[in-house]
Amino acid sequence: MADGEPDRPAACPPPPPGKPRRLKGHEAALTCCIASRARPGVVVSSAEDGRICFFDLRCRDLLFSVEAGKGPVSSICYKGGNEDVVYAALGTEIVGFDVHMASSWKPLETYNYNKDEINQISFSSRSTFLAAADDSGDVKIIDTRQKCLYKTLRSVHTSICSSVQFLSWRTWGAISGGLDSKLAMWDFSKGRPYKVIDFGMTETGNSSNQCFNPAFVHSIAVPEEDMSIGLNKICAIARGDGIVEVIDIESELANTSSKARKGFNLKSCDKAKENLDQCQGKRLRLDYASGGHTAAVSCVTFSMFGERGKFVVSGANDALVKLWNWSQHLDAGQDDCSSDPLLMSINTKKKVNWICTTPTDSENLVVCDTSKVMKIYTVA
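The rules we used
- Residues numbered from 1 in each chain as written.
- Predicted model: local features only at pLDDT ≥ 70, side-chain atom pairs only at ≥ 80, totals over all residues.
- Heavy atoms only, no water.
- Buried < 20%, exposed > 50% of the residue type's maximum accessible area, 1.4 Å probe, protein only.
- Helix = DSSP H or I, 4+ residues; strand = E, 2+ residues; numbered from the N terminus.
- Pairing = 2+ DSSP bridges.
- Axes fitted to C-alpha atoms, helices over the stretch in contact; angles between N-to-C directions.
- Core = buried A, V, L, I, M, F, W, Y, C linked by side-chain atoms within 4.5 Å.
- UniProt positions renumbered as here; feature names shortened; annotations may be inferred.
- Salt bridge = Lys/Arg side-chain N within 4 Å of Asp/Glu carboxyl O.

Asker: Help me understand the pairing of strand S8 (residues 93-98) in this model?
Answerer: Successive side chains on a regular strand alternate, one facing one side of the sheet and the next facing the other. In terms of burial, S8 is largely enclosed, as 5 of its 6 residues are buried. Alignment of strand S7 (residues 82-90) against S8, held across 6 bridges, turns out to be antiparallel. Bridged to Val 85 within S8 is Asp 98. Across 3 bridges, the pairing between S8 and strand S9 (residues 109-111) is antiparallel.

Asker: Looking at this structure, how should I read the sheet that holds strand S27 (residues 365-369)?
Answerer: Two orientations exist for strands paired in a sheet by backbone hydrogen bonds: parallel and antiparallel. Read across the sheet, 4 strands follow the order S1-S28-S27-S26 without closing on themselves; strand pairing throughout is antiparallel. Each edge of the open sheet carries a strand with a single partner, namely strand S1 (21-24) and strand S26 (352-357). Taken pair by pair, the neighbouring strands of this sheet meet at an average axis angle of 25°, ignoring direction. Summarising the sheet, S26 and S27 pair through 5 bridges and their orientation is antiparallel. Residue pairing for S27: Cys 356 is matched across the bridge by Val 366.

Asker: It is not clear to me how the nonpolar core should be interpreted in this structure. Could you clarify?
Answerer: As a rule of thumb, nonpolar side chains are buried together in soluble globular proteins. Ranked by internal contacts, the top residues of the largest apolar core, which has 45 residues, are Ile 52, Phe 54, Ile 76, Val 321, Leu 365 and Met 374. Leu 167, Trp 169, Val 217 and Val 222 belong to the second largest nonpolar core, which has 17 residues in total.

Asker: Looking at this structure, how should I read the UniProt feature "repeat: WD" (unreviewed entry) in the protein chain?
Answerer: Under the local residue numbering, the UniProt record ascribes the feature "repeat: WD" (unreviewed entry) to residues 290-325. Split by type, residues 290-325 is 0% helix and 44% strand. Its first and last C-alpha atoms lie 11 Å apart.

Asker: Teacher, can you tell me more about the pattern of salt bridges here?
Answerer: Any two side chains of opposite charge can pair, so long as their charged atoms come close to each other. Taken as a whole, this structure holds 13 salt bridges when the rule is applied. The partner of Arg 37 in a salt bridge is Glu 224, and the shortest N-O contact between them spans 3.1 Å. Placement of Arg 37 in the loop between strand S2 (30-35) and strand S3 (42-47) and of Glu 224 in the loop between strand S18 (217-221) and strand S19 (234-239) is noted, with a sequence separation of 187 residues between them. Given a relative accessible area of 33%, Glu 224 falls into the partly exposed group. The partner of Lys 375 in a salt bridge is Asp 369, and the shortest N-O contact between them spans 2.6 Å. Under the relative-accessibility criterion, Lys 375 is labelled buried at 6%. For Asp 369, a relative accessible area of 0% puts it in the buried group. Salt bridges here are not isolated pairs; linked through shared partners, they connect Lys 195, Glu 252 and Arg 283.

See below:
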């Protein structure tokens, strides 16, 4: 895990063109992966075997692994601004540990504020807050500096809260999504939302080939702060009806009246589809008609390679990973841009659980599917 960039050893040749590199270390289905920004080439994965594995793509073998717990590790994340600390969610518990102490691992921190199983954890890039979304529909905001619960975000999601992210450009901004098809934009200092979008009230697309699953929100991606320079302040959403939706968050909030922002239920936007549409900002829908997925989209992320944030990458239960050029389509409108937003489609042959990208020119797409082997692709 040195900070330098030595050449890959001759004993570790790249895979044949079009074939993924396969990384072994787990004994059960993979659940999550994260890529280092400070150490290009370092990738961390988690799985249902309770293990966390650390890989350096410049080497052949697994660097080391940590037995985080007896149950599945549902989510992992780095501490904002300090990649020496990794957090992991196991059931209702979050543990943090220092990677330099992995050989004799003992948790640095342990948090037990969630009452139900945690689906995703996320750390703010601007502060010391850690968020955890769970099956009860709640989001716990934890102050890791004070080692205490800061706020509980509730009374919006009526089903499982599957995903949560902080908004890098808003000091107190967060966004969550759930299996009630709702997306909530929060002021987490006050514990209430700016706006709630219900995808269950919108159309799922006009294509007869679009899948008809509910528009559950399975995953949310928000560009990191250095990605958003020159880009819109946006998020990408992985939906259960096979759609990847890119939303301009600031335009959504600008189209919400100040009176609605103060209320909890946003009555002007949640009674009927017509009223909801009137409160919409700029949105881009990447669906089957655009070459998209035919099954529930399980995960979505923004690209870290090249011009950061230029591409959206999605993975789904149809065993496909797709690379989208979203940036030139959001402002132009889906019907006004002649170029195809879909740039690449990869068949992984297994349902995709999670994806991440690395800030390198090669081996820059990491895929965790329902197998116990992580796959590394080179794209763009």
